[in-house]
Every structure is written in structure tokens, then in C-alpha cells.
Amino acid sequence: MQQQIHARGSVRHAEKRRRGTCEFANRVARASLDAYERAVPETYRKANRQTCVAAIVAHFQSNNNCDESVDPAPRTVDDNLVVLGLGVGTKFLAHSMLVQEQAGYGKRIRDGHAEVLARRAFQRHIIEEMRNDLALDGRKNDDPMKIPPLVLERLDRGDEATKAAEIRYRLKPGVSLHFYASSAPCGNATLKKFVKMEKEKFDESLGPDEWPSDQVHSPLQAHSIRLGQFSLLVKKDSSSSSVEPPTAVAADEDNLRVSRQSKRRKAWPCRERDDWCPPSCSIVNFGMGTIHSCSDKLARWNCLGLQGSLLMTLIEEPMYMTTLTIGRKFSRATCQRAVCCRAEGYDAGVDKFAVNHPVLMETNVYMDESGTHDMSG
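None of the values given here were measured: they were computed from a predicted structure. (Residues numbered from 1 in each chain as written. Predicted model: local features only at pLDDT ≥ 70, side-chain atom pairs only at ≥ 80, totals over all residues. Heavy atoms only, no water.)

### Points about the sheet that holds strand E12 (residues 359-362)
With mixed pairing, five strands are arranged side by side in an open sheet as E3-E2-E8-E11-E12. Bordering the open sheet on either side are strand E3 (81-88) and E12, each of which pairs with just one other strand. Taking the axes of each pair of neighbouring strands and ignoring which way they run, one obtains an average angle of 20° across the sheet. Sheet topology places strand E2 (residues 53-60) next to E3; seven bridges connect them, and they run antiparallel. Opposite Ala55, over in E3, you have Leu86 as the bridge partner. In the packing of helix H1 (residues 23-39) onto the sheet, contacts are made with E2, E3, strand E8 (175-183), strand E11 (321-328) and E12, and the angle to E3 comes to roughly 60°. Strands in contact with helix H4 (residues 114-136) are E2, E3 and E8; relative to E3, the strand with the most contacts, it is inclined by about 130°. (Pairing = 2+ DSSP bridges. Helix = DSSP H or I, 4+ residues; strand = E, 2+ residues; numbered from the N terminus. Axes fitted to C-alpha atoms, helices over the stretch in contact; angles between N-to-C directions. Contact = heavy atoms within 4.5 Å.)

Rendered as C-alpha cells:
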């Protein structure tokens, strides 16, 4: 293979340069990365510069919405962003490991990708707010470990005799949730096909607390479904390599059987091979993994909310992300398809649930600022 020769003075940045969408996206990214730097030792950060970081950030419409009893320190314009959940990682537990340890099944966190860990941390924060609020129950707070709710508002319904069964929570007025990922979620969001990609344009007209309000998620043209346009994908598990994908003979037999049923019915190419999939992903029916990609999970959260089924029994309405900010590998058209628009038409049969279309933004705040590398050859 011929080695590429670069001109004198050529450099490569640790992260590809990008324009970003607006200042608010940059603020969400800075808040998330500041939390990462506070929580993670510097030795780990230097050794894992290309890891992934994700966070769920609460935005308060005004500083007055932040409960001063939580943090009596003076607030600045940046203090109306609070990181509720932080996740770091790109790994997951192999299925074979769980099979070998049957006694511990269900006690381990299988998916260690940053987006999944950030959501788990967010759920824990919400649970802690509820527990502290129920423990206080309107009494004076003398326990510094029991902090009044920061983002939740309690709704008491019914008479005193049934109040315990009627307690519900919801986000306080003026509080919105914003998801950050340092890189595009694995899976469909990194499948750079089937769409026309365009570079972002930084909107300087938006203030530090404003995000685009005119972003339209146009209906998708489902022209390549058979090629994997909307496919669900799994994270490829090396321990599942013993599960052989369908052979050419088996595929021919299946096609013959199908052709006998209907001459017009053809096998879908995306179900016969996985070489079209993004790196480290495979198709569901190949048996190469059992954990869905982060793109699939984000699409599910945009249908059902970030809170999960357990917390849904205690809250008034689903908690959806208002914006999704991404650093590396961002493509708005690709992310629209991956995290929400391919689920259009979803109907849970309950009025509370609907497909949420978050505002998609790029940030020009870089996670890895280790400088540039001389590419002169």
C-alpha cells in the first residue's frame, strides 16, 4: 500500500475541527466535560483520551428556579445548568461471562457504554430526590444528606387517608433535560448512508440559554429499508463468534422456500449479511450480540422517556430530552433518522407517550485537546 505524503507544515488535530450549532450546545458540552474532569482521575483521562462521555443536564429557565438551599454559593450565568447523570465508557460484558456465572445473572451492569451509564445515573438521581422528599415530608431539613428536590415537583392528590398512594412527581416548571454525547451513538447514528449530509452552521443570533426553535424533522423517505435504512443493530460480541451466520447454502434454501410461497417476495439484503453495518455492530438475526446499539436505545428513550418503567409509576408524565448535543461524528440528518424519526408512527396506546423529536446540535467544544500531530512527510 502506498504511503500518503503530506505537504510540509500539515497537522492533524486530536479531534476533527467542527463548527457547532450554537452557544447553548457548547455550554452543555462544557458542563458535561467539567463534571467528567471533576469525577474522573487525570491519569485515566490521559490514558483514555478517545473514550466516550455522556451526560444528562438539567437547564433552569432562570436562576430563580434553582433551589438556593441546595447550594448557597453565589450563582453565575452558567449555574443554570446542572449535570444530573454522567457516564464514561465504551465497553460491555460479554454474554459468555454471564452464562458462566449463572448465580450472578441480573446483578451486573451489562452495557457500559457512556449513554447507558449516564441514563442510569440520571435515574438514580431522580430516585434520590424522591426518597429525600418523602423522608422530609414537609418538615424542616436538619439532615445535610437529605437535599430538597432540585428538578422535581411533588403533586399530592386525594385526601389524607390515601395521600401515600396518590403522590406523583413531575419536572418543575422551567426545567428541561438535555442529553450530551462526546461522540455519535453507536449503531444507526454512525451509518453514513441513505441521507445527504451537510455541515452545521453556527447560529450567533441565539443567546447562551437559547437553542434552535425552528428545527424541523422532515418525514423520512423510506427508500432503502431492505438495505438497512431503519435496521435495529446489536453491539458485536466477540464471545458470540461461535454462532455462525447463515451460510450461502442455507440462504439459498430459505430463498427457495420463500419463492415457492410468493414469487414476488424477495429476501432483504440487510438480513443476509452484516458487512454494511457500522464498526462493532451486527444485525440482530446473526446471533453476534445480545445488546442493542446506543442509537436503538436513544430511539426507545425518545418513545418512552428517560425515566424507565419503574419510575413511570411515580411520575406524572414521561421525561423526554429537549435537545441532544453531540461532539465527534455528528450528522444531523443521520441522527434524526437514528434517534427518533425512524420510530415515527409508534403508538403505545396511551396518550402520555409519543415520539419525541429532540433538537439535534453539534458542539465545537472538544473532549480531547491534546494538541496537533505533525503530518509532514
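Read on, since the account is not over.
### Description of the nonpolar core
By size, the foremost hydrophobic cluster in this structure holds 43 residues, and its most contacted members are Phe122, Ile126, Val151, Phe179 and Leu306. Of all the secondary-structure elements, those providing two or more residues to this core are E2, H4, E8, helix H7 (294-304), helix H8 (308-312), E11 and helix H9 (332-339). Look past the residues within four positions of Phe179 in its chain and what remains in contact with it is Ala54, Ala55, Ile56, Glu115, Leu298, Trp301, Leu306, Met321, Thr323, Leu324 and Thr325. (Core = buried A, V, L, I, M, F, W, Y, C linked by side-chain atoms within 4.5 Å. Buried < 20%, exposed > 50% of the residue type's maximum accessible area, 1.4 Å probe, protein only.)

### Some details on unusual backbone geometry
Despite not being glycine, Phe194 has its phi angle at roughly 70°, a positive value. Following the sequence through the fold, Phe194 ends up in the loop between E8 and strand E9 (233-235). Phi is positive for Lys329, which is not a glycine, with a value near 60°. Topologically, Lys329 is positioned in the loop between E11 and H9.

### Concerning the packing of aromatic side chains
Following the criterion strictly, the structure yields two aromatic pairs and no others. Note on Phe24 and Trp211: the rings are 4.7 Å apart at their centroids and 45° apart in plane angle, and the pair reads as tilted. Here Phe24, found in helix H1, pairs with Trp211, found in the loop between E8 and E9; they are 187 residues apart in sequence, far enough to count as distant. Overall, Trp211 belongs to the partly exposed group, its relative accessible area being 22%. (Phe/Tyr/Trp six-rings, centres within 6.5 Å; stacked < 30°, edge-to-face > 60°.)

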